[in-house]
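Secondary and tertiary structure notes
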Amino acid sequence: MATIVGGIATSHTPTIAFAKDAKKFDDPVWKPIFEGYEPVQEWFRAKQPDVLVYIYNDHMTAFFDHYSHFALGVGEEFGPADEGGGPRDIPAIKGDPEFAAHVARVMVANEFDLSYFQGKNLDHGAFSPLSVMVDHDDKGWACKLLPVVCGVLTVPLPSARRFWKFGRSLRQAILSYPKDIKVAIAGTGGLSHQVHGEGCGFNNPEWDHEFMDRLEKDPEGLLDMTVAELAKLGGWEGAEVVMWLMMRGALSEKVEVTHKTYFLPSMTPIATMILEDTAQDAPVEDPEVTRERAWHDYAGAEALEGTYPFTIERSVKGFRLNHFLHSLTDPATRKKFREDEEGTMLAAGLTDEERRLVRERDWIGMIHYGVIFFMLEKLGAVTGIGNIDIYAAFKGMTVPEFQKTRNAAITYGVAGKEDK
Ligand SMILES: [Fe+2]
């Protein structure tokens, strides 16, 4: 069974990444940053977690036109995002799709309505502190990552109590995972700061220290604070401390803080805390019962013949091909595809098997492979094949044979005016 080895609270300001990439290790102005993170790095080396559940917010980099409150990174790996000047020179970090799928099932069973993402890169909110906490070389990182991306920038956002409850539920999800893995949890975000408007430059070190103290000893005493109250004390962007509350909620009731630093060089305090989960409180529910509850809505679905639910596992396995088929919604890409199918598929990195499935319009083969039907509709639209043709192919029938099973012998597709 999975265990929780402890929690980390950390700022995620880009200053940390800047100091690291500019190699300011011995510069007296920047040195306190590294001194704050060295014990955290040592902690990761000592604890060797298999997965780090990483709670952060994206800064309108990967999430902008679709903004959700709680998004779980379910993909096989996550690279550094381009935030305007090209991505940082650090490797992608591996995800853990199997663990992510389990966490998703439990969270949804606990009535947290998540969104799931893959194929998106992570911005400074993730990689800025990660790059000074977790060992890595050009091949990869010392642990896998389960990103929990919190929407804290677009109002309305969930309450402090909701973030806490999410953390409590996350604990239940982790502790009911049947594999023997070690899990660490990081809650990230600046303490008091504001980066926009005339109010920019706001800091409140006194409140920051009080918050860190209460996070350790009386986190539940913070849960009735409104977003506005948090912002009044900590600046508007400082209200992202709710992500620290989520991390704290995933730990035992009593924790031991074994490391704490606070350094305010410019706009955002750079603070770190290590919270040892020494008490290891028992799960609030028998893990077996949690797992059964998480599967309850799907029990029996595997016996439905000719039916392929688009699970997280299937969506990860089929992601490259689904992503390629989705790219046909872009006029320039579909023009290229029509002119040179094979070249476009090769450029997209599709495997031999994936290219064969598309080349042969192997509709049922694509479903078996992990493609969701609605991507097939797009390929149909681009290649002039109607939905009824695809349905007939699924069932091994001719179109007239399939039409006889319907009330009307019609055909249709999702193609727009471009293809009329
Ligand atoms: Fe942030």
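The rules behind each value
- Residues numbered from 1 in each chain as written.
- Predicted model: local features only at pLDDT ≥ 70, side-chain atom pairs only at ≥ 80, totals over all residues.
- Heavy atoms only, no water.
- Helix = DSSP H or I, 4+ residues; strand = E, 2+ residues; numbered from the N terminus.
- Buried < 20%, exposed > 50% of the residue type's maximum accessible area, 1.4 Å probe, protein only.
- Contact = heavy atoms within 4.5 Å.
- Salt bridge = Lys/Arg side-chain N within 4 Å of Asp/Glu carboxyl O.
- Donors = N, O, S within 2.8 Å, 3.2 Å for Na, K, Ca; no water.
- Pairing = 2+ DSSP bridges.
- Patch = residues over 30% accessible without salt bridge, like charges linked within 9 Å, V, L, I, M, F, W, Y side chains within 5 Å.
- Areas by Shrake-Rupley, 256 points an atom, 1.4 Å probe, with all protein chains shown as cover.
- Axes fitted to C-alpha atoms, helices over the stretch in contact; angles between N-to-C directions.
- Parallel < 35°, antiparallel > 145°, perpendicular 65-115°, else oblique.
- Left-handed = near helix turned anticlockwise from the far one by under 90°.
- Nonpolar A, V, L, I, M, F, W, Y, C, P; charged D, E, K, R; others polar.

1. Quick look at the environment of His326
Position of His326 relative to the elements: it lies in helix α11 (residues 319–326). When its relative accessible area of 41% is taken as the criterion, His326 is described as partly exposed. Beyond its immediate stretch of four places on either side in the chain, His326 contacts Met375 and Lys378.

2. So, the pattern of salt bridges
All told, the structure shown has 22 salt bridges when counted by the stated rule. For Glu313, the salt bridge is made with Arg105, and the minimal N-O distance between the two is 3.4 Å. Note that Glu313 is positioned in helix α10 (residues 312–317) and Arg105 in helix α3 (residues 97–109), a separation of 208 residues in sequence. Note on Glu313: relative accessible area 37%, which makes it partly exposed. Linked by salt bridges that have partners in common, Glu342, Asp352, Arg355 and Arg359 make up one network.

3. Looking at the coordination of the iron ion
Only His12 (NE2), His59 (NE2) and Glu240 (OE) from the protein reach the iron ion as donors, at distances of 2.1 to 2.5 Å. Taken in chain order, the donor set of the iron ion reads H-x46-H-x180-E. One end of the pair, His12, is in the loop between β1 (3–10) and α1 (14–21); the other, Glu240, is in the loop between α7 (227–234) and α8 (242–249), and 228 residues separate them in sequence. Glu240 carries the same exposure label as His12, and that label is buried.

4. Considerations on the pairing of strand β10 (residues 182–188)
Buried residues dominate β10, accounting for six of its seven residues. The pairing of β1 with β10 spans seven bridges and is classified as parallel. Each residue of the ladder has a partner; that of Ile8, found in β10, is Ala186. Pairing analysis gives five bridges linking strand β2 (residues 51–56) to β10, with the strands arranged parallel. Its bridge partner being in β10, Leu52 is matched across the sheet by Ala184.

5. Regarding a nonpolar patch on the surface
A cluster of nonpolar side chains, namely Met60, Phe64 and Leu153, defines an oily patch on the protein surface of about 290 Å² accessible area. Structurally, the position occupied by Leu153 is in the loop between β9 (144–150) and α5 (160–175).

6. So, the environment of Thr3
For Thr3, the position within the fold is in strand β1. Separated by 29 residues in sequence, Thr3 and Pro32 have C-alpha atoms that sit 32 Å apart.

7. Structural notes on helix α4 (residues 124–133)
Residues three or four positions apart in an α-helix share a direction because the helix packs 3.6 residues into each turn. Judged by how many residues are buried, α4 sits mostly within the fold: 10 of 10 residues are covered. Listing the buried residues of α4 in full gives His124, Gly125, Ala126, Phe127, Ser128, Pro129, Leu130, Ser131, Val132 and Met133.

8. Describing the sheet that holds β10
Read from one edge to the other, the open sheet built from eight strands follows the order β6-β3-β9-β2-β10-β1-β12-β11, with strand pairing classed as mixed. Only two strands of the sheet have a single neighbouring strand rather than two, namely β6 (115–117) and β11 (256–263). On average, each strand axis in the sheet is tilted by 20° relative to the strand beside it, whichever way the strands run. Docked against the sheet, α4 engages β1, β2, β9 and β10, running at close to 140° with respect to β2.

9. Quick word on the packing of helix α16 (residues 373–383) against helix α17 (residues 387–394)
Packing of α16 against α17 leaves a shortest axis separation of 9 Å and a crossing angle of 125°. Taken as axis vectors, α16 and α17 run oblique relative to one another. Seen from above, α16 lies across α17 with right-handed handedness. For the pair α16 and α17, the contacting residues are Phe373, Leu376, Glu377 and Gly380 in the first and Asn387, Ile390, Tyr391 and Phe394 in the second. Here the residues of the contact of α16 with α17 sort into five nonpolar, two polar and one charged.

Interpretation note: all reported values are geometric properties and have no functional meaning in isolation.
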